[in-house]
Amino acid sequence: MSIEVISIIVLFVSFFALLLLKVPVAYSIGIATTLSLLLNIDKLPAITTIAQRMTTGIDSFALLAIPFFILAGDIMKRGGIATRLINFAKSLVSSLPGGLAYVNILASMLFGAISGSALAAASAIGSIMTDRMEEEGYPRTLSASVNITASTTGLLIPPSNILIIYALASGGTASVAALFIAGYLPGILLGIAIMGYVTFIAISKRYAKGKRATFFEIWTYFRKAFFSLLLLVIVVGGIVAGVFTATEASVIAVLYAAVLSLVYGDMKVKDFSGVLLSSAKTTATVMFLICTSMAMSWLFSFEGIPEMISSFLLESLNNKFALFLAINLILLLVGTFMDMTPAVLIFTPIFLPVVTALGMDPVHFGIVIVLNLSIGICTPPVGTLLFVGSGVAKVSVTQVIKPLLPFLLIMVVVLMLISFIPEISMFLPQLFEL
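Everything numeric here is computed off the predicted structure, so don't read it as measured data. (Residues numbered from 1 in each chain as written. Predicted model: local features only at pLDDT ≥ 70, side-chain atom pairs only at ≥ 80, totals over all residues. Heavy atoms only, no water.)

> So what exactly am I meant to see when it comes to the overall build of the protein chain here?
Each helix and strand in the protein chain was counted, giving 21 helices and zero strands. Considered along the principal axes of its C-alpha atoms, the protein chain spans approximately 75 × 50 × 45 Å. Per-residue burial over the protein chain gives 57% buried out of 434 residues. The long-range fraction of contacts in the protein chain, counting pairs at least 24 apart against all pairs at least 6 apart in sequence, stands at 79%. Within the structure as shown, the protein chain displays about 17900 Å² of accessible surface, and the carbon and sulfur contribution to it stands at 70%. Once the 22 positive and 19 negative side-chain charges of the protein chain are each reduced to a mean point, those two points are 16 Å apart. (Helix = DSSP H or I, 4+ residues; strand = E, 2+ residues; numbered from the N terminus. Buried < 20%, exposed > 50% of the residue type's maximum accessible area, 1.4 Å probe, protein only. Contact = heavy atoms within 4.5 Å. Areas by Shrake-Rupley, 256 points an atom, 1.4 Å probe, with all protein chains shown as cover. Lys, Arg positive; Asp, Glu negative; His and termini not counted. Charge placed at Lys NZ, Arg CZ, Asp CG, Glu CD.)

Shown next, in the form of structure tokens:
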């Protein structure tokens, strides 16, 4: 057995063993990569190499957008923007069957899109909507299930941090602007699909309808939420029009959110120190994940793993449908035990050459992989969004699992539609010639 094969075995065995021992994902990736590199000590100095790869992995101007979008999301969460979005959503849909659940979904879509974070949306919207829904007779477990799955739409609807990371992992074959504009229709489709199931539940369980808002009330709530919604137009519109880059847009988002929160009066200047500290902690966690993931991704390339997997899949599954289905199943499995950021950075270089060889556009694949892994963060054992949504709703994870399963099935159905109907993702990028 060659040293290369032994190195690959050590990499995967040590990585999964560390995960089973509940070692944090970033540390598991870093330790497994280092152990594998130690077997190549005659070719590479292991410690020096991994340090260099971790450093160069985040030496990217595009990645500067992530800490700024995280900061913008934290400001929005504290700055009263979530409440204004909820009130606006309620004025639109509360009179429909399952109206408050609709409000939860629509508000999660809007806030997730503005903040670029599913966790921020689940926390901000869930903390407000769960109690309101319980007062109208909705079980807290149902509220949590709606909140958890609807929050994932913010990972598809721009601006989205994970789409920026995918653009980096794709090696420039997919631009941030194209990915951002491609995420709109899949994100909206996912939101509508969740609403459809909620309607079925509401009618069968006979949940109460809310009062129909008058045109004046809708206009009032829209006016109050207008400047919050305008951020989407400024950020995404500016990127698509080429006025500024995604990184520059993230800085504009921070300034805009800060000024808006001060004008609304929901934040004082003294409150920003706490927000900055919270954002710094989140950024440190994300960046450390990116560092170690980039090191492992480089090791994959060094050992020729992407080429081996690509050749194996193309030779074993020469049917395009079967191959896309197999990749989806693998990514769904990966998403259950690995966080989105390292999964995107590690598996994009492996699967992107395979799907592009069969004619899939890198932008289309970006939407597919993000939606795949979005399902993963809603499922145990790692499921960060599952734990956040359950915690906010003050129910246990085990209580949420059963009502959550139909929502996850709906997400899988939408995933299959987006995977095999590329026009859903590619219509807008082609329309804007991106």
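> Even after reading the chapter, I still don't get the packing of aromatic side chains, so can you show me in this structure?
Any two aromatic rings considered together are summarised by their centre-to-centre distance and by the angle between their planes. All chains considered together, the criterion is met by 12 aromatic pairs. Grouping aromatic residues by their ring pairs yields a cluster made of Phe88, Trp219, Phe222, Phe226 and Phe227. Positioned above the aromatic ring of Tyr264, the side-chain terminus of Arg84 is 3.6 Å from the ring centre. (Phe/Tyr/Trp six-rings, centres within 6.5 Å; stacked < 30°, edge-to-face > 60°. Lys NZ or Arg CZ within 6 Å of the ring centre and 35° of its normal.)

> Could you clarify how one ought to interpret the packing of helix α16 (residues 320-337) against helix α18 (residues 362-376) in this entry?
Each packed pair of helices is defined by two parameters, the angle between the axes and the distance between the axes. Following both chains from N to C, one finds α16 and α18 inclined at 40 degrees, their axes separated by 7 Å at the closest point. By the angle between their axes, α16 is oblique relative to α18. By crossing handedness, the relation of α16 to α18 is classed as right-handed. The segment α16 lies against α18, with Ile327, Asn328, Leu331, Leu332, Val334, Gly335 and Thr336 engaging Phe365, Val368, Ile369, Asn372, Leu373, Ile375 and Gly376. Counted by class, the contact of α16 with α18 contains nine nonpolar, five polar and no charged residues. (Axes fitted to C-alpha atoms, helices over the stretch in contact; angles between N-to-C directions. Parallel < 35°, antiparallel > 145°, perpendicular 65-115°, else oblique. Left-handed = near helix turned anticlockwise from the far one by under 90°. Nonpolar A, V, L, I, M, F, W, Y, C, P; charged D, E, K, R; others polar.)

> What's the story with the pattern of salt bridges in this structure? I'm lost.
Scanning the entire structure with this criterion turns up two salt bridges. Asp131 is the salt-bridge partner of Arg140, the closest N and O atoms lying 3.1 Å from each other. For Arg140, a relative accessible area of 17% gives the class buried. The partner of Glu134 in a salt bridge is Arg140, with the nearest N and O atoms 2.6 Å apart. Residue Glu134 is classed as partly exposed on the basis of its relative accessible area of 39%. What you see here is one network of salt bridges that share partners, running through Asp131, Glu134 and Arg140. (Salt bridge = Lys/Arg side-chain N within 4 Å of Asp/Glu carboxyl O.)

> Explanation requested: the nonpolar core in the structure shown.
Across soluble globular proteins, nonpolar side chains show a tendency to be buried alongside one another. Of all hydrophobic cores here, the largest spans 157 residues; its most connected members are Ile75, Phe111, Met338, Phe347 and Phe365. Contacts of Phe365, omitting those with residues within four sequence positions, involve Tyr166, Ile327, Leu331, Phe351, Leu352, Val355 and Met360. (Core = buried A, V, L, I, M, F, W, Y, C linked by side-chain atoms within 4.5 Å.)

> Sorry if this is basic, but what is going on with the environment of Ala169 here?
Inspection of the secondary structure assignment puts Ala169 in helix α9 (residues 161-169). C-alpha of Ala169 to C-alpha of Pro349: the two residues are 180 residues apart in sequence and 6.8 Å apart in space. What Ala169 contacts, discounting residues up to four positions off in sequence, is Val344, Leu345, Thr348 and Pro349.

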